[in-house]
Amino acid sequence: MSTTFTGQDRPELQKAIEEIVDSGFVGMTLRVHDERGEWVGSAGLRELGESAKPPIDGHVRIGSVTKTFTATLVLQLVAEGKVELDTPADDYLPEFGLDRQITVRMLLQHTSGVFNFTGEVYEDGTVAPGITWSGQEWVDSRFKVYRPEELVGLALSKPARFEPGTDWSYSNTNYVLARLLIEKVTGRTYAEELQRLILGPLGLSGTVAPTSQTEIPEPHAHAYYRYEESGQEKTADVTRQNPSWISSGGDMISTTQDLQTFISALVGGKLLPAPLLAEMCTPEPKVGYGLGVFVQDTGCGGTLITHNGGHGGHAGLMYSTPDGSKTLTASLNYVDDAALSMGEAFQKATQRLVNEVFCGGQAGSPDEAAEPARPTS
């Protein structure tokens, strides 16, 4: 077991998270594992109006970091011979009438062209809305239950974004289809397969696939959402919410410790055979997305395997060098809003952390094009 250091032992890390919180976040926790051991610290507030810091290893809604778990599950089923990456997804999910050109690999790599059920923004700036996930309408309906099939049905009722395999576009629908595929080929729920193949073997006791459960386990920092009602600005505590609206595109809850254990095991070859891990970490050319992970340039000569995500006042960050020798996991709690006004601060925060942890504090210029430039599920 490595020693875990806190606070004063690595003042540059503590300073970084305090400055990130000062840029507009409510609170943050950071966990770094490298050649010096493991460091963990927190800054800011657990809850608005209180003085306590966020719990060092509190639970957090990790948003799109869920996609890395989902992709890993599919690849584990490939390893078991139950799924083939280059087989049409329609072979496994015939009930949806998917385009036969769409393969399982395209779902995991966001190259299917399937409409994103949370809405699309096209190159010319036009917006095609999907389900409600912002504003007062979302706050008021945040306990609504959506079935995964309902989300897929909505997406498939819209025109495809492009012909399968010809382009790249981030679509949560791909990962809800991946979840339904997992359940179809195994005859078990997504949560059961997650427990069998990842959570159980790695001992990830702080990680939950809640489906439609609204609670988040203690301890946790609080999440907030700002909106307008009758011309008045209001801020709601949205820590409790039903994540079924995003499903396996971003519904999971975890901790910085569990994310560190997971990404270390994944890149270390403990979850996938080497050939499949290599395919997972092979990026497509447009934005550098592999199968459920971004493959990102650090800006200082290195490569990172990463996925971030967030929505509704909670966010999770997960980064690792390809050999697992250095990892960074973090959680953020903040006040979200329909304008995604924390987006720029979120992007700057991730760049600051990558520079500090992976570039020795040098002002590198990480390739952030790979990540959506805002907290997003």
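These numbers were taken from a predicted model, which means no experiment stands behind them.

Caption draft 1: The packing of helix H2 (residues 66–79) against helix H8 (residues 256–267), seen in detail. The N-to-C vectors of H2 and H8 enclose an angle of 40 degrees; their axes lie 12 Å apart at closest approach. Considered as vectors, H2 and H8 are oriented oblique to each other. Here H2 and H8 pass one another in a crossing that is left-handed. Counting all contacts with H2, which are made through Thr68, Phe69 and Thr72, the residues of H8 involved are Leu259, Phe262 and Leu266.

Caption draft 2: Molecular detail of the nonpolar core. One finds Phe69, Leu108, Leu194, Ile198, Phe262 and Met280 to be the most contacted residues of the largest nonpolar core, which totals 78 residues. If we ignore the near neighbours within four places in the chain, the residues touching Met280 are Thr68, Ala71, Thr72, Leu75, Leu266, Leu272, Gly290, Leu291 and Val293. If you look at the next biggest cluster of nonpolar residues, it comprises 26 residues, including Leu13, Met28, Ala349 and Leu353.

Caption draft 3: Focus on the pattern of salt bridges. Scanning the model with the defined rule gives 26 salt bridges in all. For Arg10, the salt bridge is made with Glu12, and the minimal N-O distance between the two is 3.6 Å. Classification of Glu12 by relative accessible area gives partly exposed; the value is 28%. Notably, a salt bridge pairs Arg31 with Glu38, separated by 2.6 Å at the nearest N-O pair. Among the charged side chains, a salt-bridge network with shared partners connects Glu80, Lys82, Arg188, Glu193 and Arg196.

Caption draft 4: Focus on helix H10 (residues 343–358). Its 16 residues place the ends of H10 22 Å apart at the C-alpha level, agreeing with the 22 Å of an ideal helix rising 1.5 Å per residue. Taken together, the buried positions of H10 are occupied by Gly343, Ala345, Phe346, Ala349, Thr350, Leu353, Val354, Asn355, Glu356, Val357 and Phe358. Buried-residue contacts for H10 involve helix H1 (11–22), strand S2 (27–34), strand S10 (294–297), strand S11 (303–311), strand S12 (314–320) and strand S13 (327–333). Phi turns positive one or two residues past the end of H10, at Gly360, with a value near 60 degrees.

Caption draft 5: The state of the cysteines, seen in detail. Using the criterion set out here, one finds one disulfide in the structure. Sulfur-sulfur distance for the disulfide between Cys300 and Cys359 comes to 2.1 Å. One quick way to see it: the torsion about the S-S bond of Cys300 and Cys359 is about -85 degrees, and its sign makes the bridge left-handed. Residue Cys300 is located in the loop between S10 and S11, and its partner Cys359 is located in the segment after H10; the two are separated by 59 residues in the primary sequence. In this structure Cys281 is a free cysteine whose sulfur lies 18 Å from that of Cys300, the closest cysteine sulfur available.

Caption draft 6: Region of interest: the packing of aromatic side chains. Under the criterion given, the structure shown has nine aromatic pairs. Aromatic pair Trp133 and Trp245: ring centres 6.3 Å apart, planes at 10 degrees, arrangement stacked. Of this pair, Trp133 sits in the loop between strand S6 (127–128) and helix H4 (135–140) while Trp245 sits in the loop between strand S8 (232–237) and strand S9 (253–254), placing them 112 residues apart in sequence. Neither Trp133 nor Trp245 differs from the other in exposure class; each is buried. Considering the side-chain rings of Tyr170 and Tyr289, the 6.5 Å spacing of their centres and the 85 degrees angle between planes classify their relative orientation as edge-to-face. One end of the pair, Tyr170, is in the loop between helix H5 (148–156) and helix H6 (172–186); the other, Tyr289, is in the loop between helix H9 (274–280) and S10, and 119 residues separate them in sequence.

Caption draft 7: Structural detail: the packing of H1 against H10. Contact pair H1 / H10: the axes reach a minimum separation of 10 Å and the direction vectors enclose 175 degrees. In terms of their interaxial angle, H1 and H10 are classed as roughly antiparallel. Of the residues in H10, those touching H1 at Glu12, Leu13, Lys15, Ala16, Ile17, Glu19 and Ile20 are Ala349, Arg352, Leu353, Glu356 and Val357. When the residues that make up the contact of H1 with H10 are grouped by side-chain class, the tally is seven nonpolar, no polar and five charged.

Procedures and definitions
- Residues numbered from 1 in each chain as written.
- Predicted model: local features only at pLDDT ≥ 70, side-chain atom pairs only at ≥ 80, totals over all residues.
- Heavy atoms only, no water.
- Axes fitted to C-alpha atoms, helices over the stretch in contact; angles between N-to-C directions.
- Helix = DSSP H or I, 4+ residues; strand = E, 2+ residues; numbered from the N terminus.
- Parallel < 35°, antiparallel > 145°, perpendicular 65-115°, else oblique.
- Left-handed = near helix turned anticlockwise from the far one by under 90°.
- Contact = heavy atoms within 4.5 Å.
- Core = buried A, V, L, I, M, F, W, Y, C linked by side-chain atoms within 4.5 Å.
- Buried < 20%, exposed > 50% of the residue type's maximum accessible area, 1.4 Å probe, protein only.
- Salt bridge = Lys/Arg side-chain N within 4 Å of Asp/Glu carboxyl O.
- Expected span 1.5 Å × (residues − 1).
- Disulfide = S-S within 2.5 Å.
- Phe/Tyr/Trp six-rings, centres within 6.5 Å; stacked < 30°, edge-to-face > 60°.
- Nonpolar A, V, L, I, M, F, W, Y, C, P; charged D, E, K, R; others polar.

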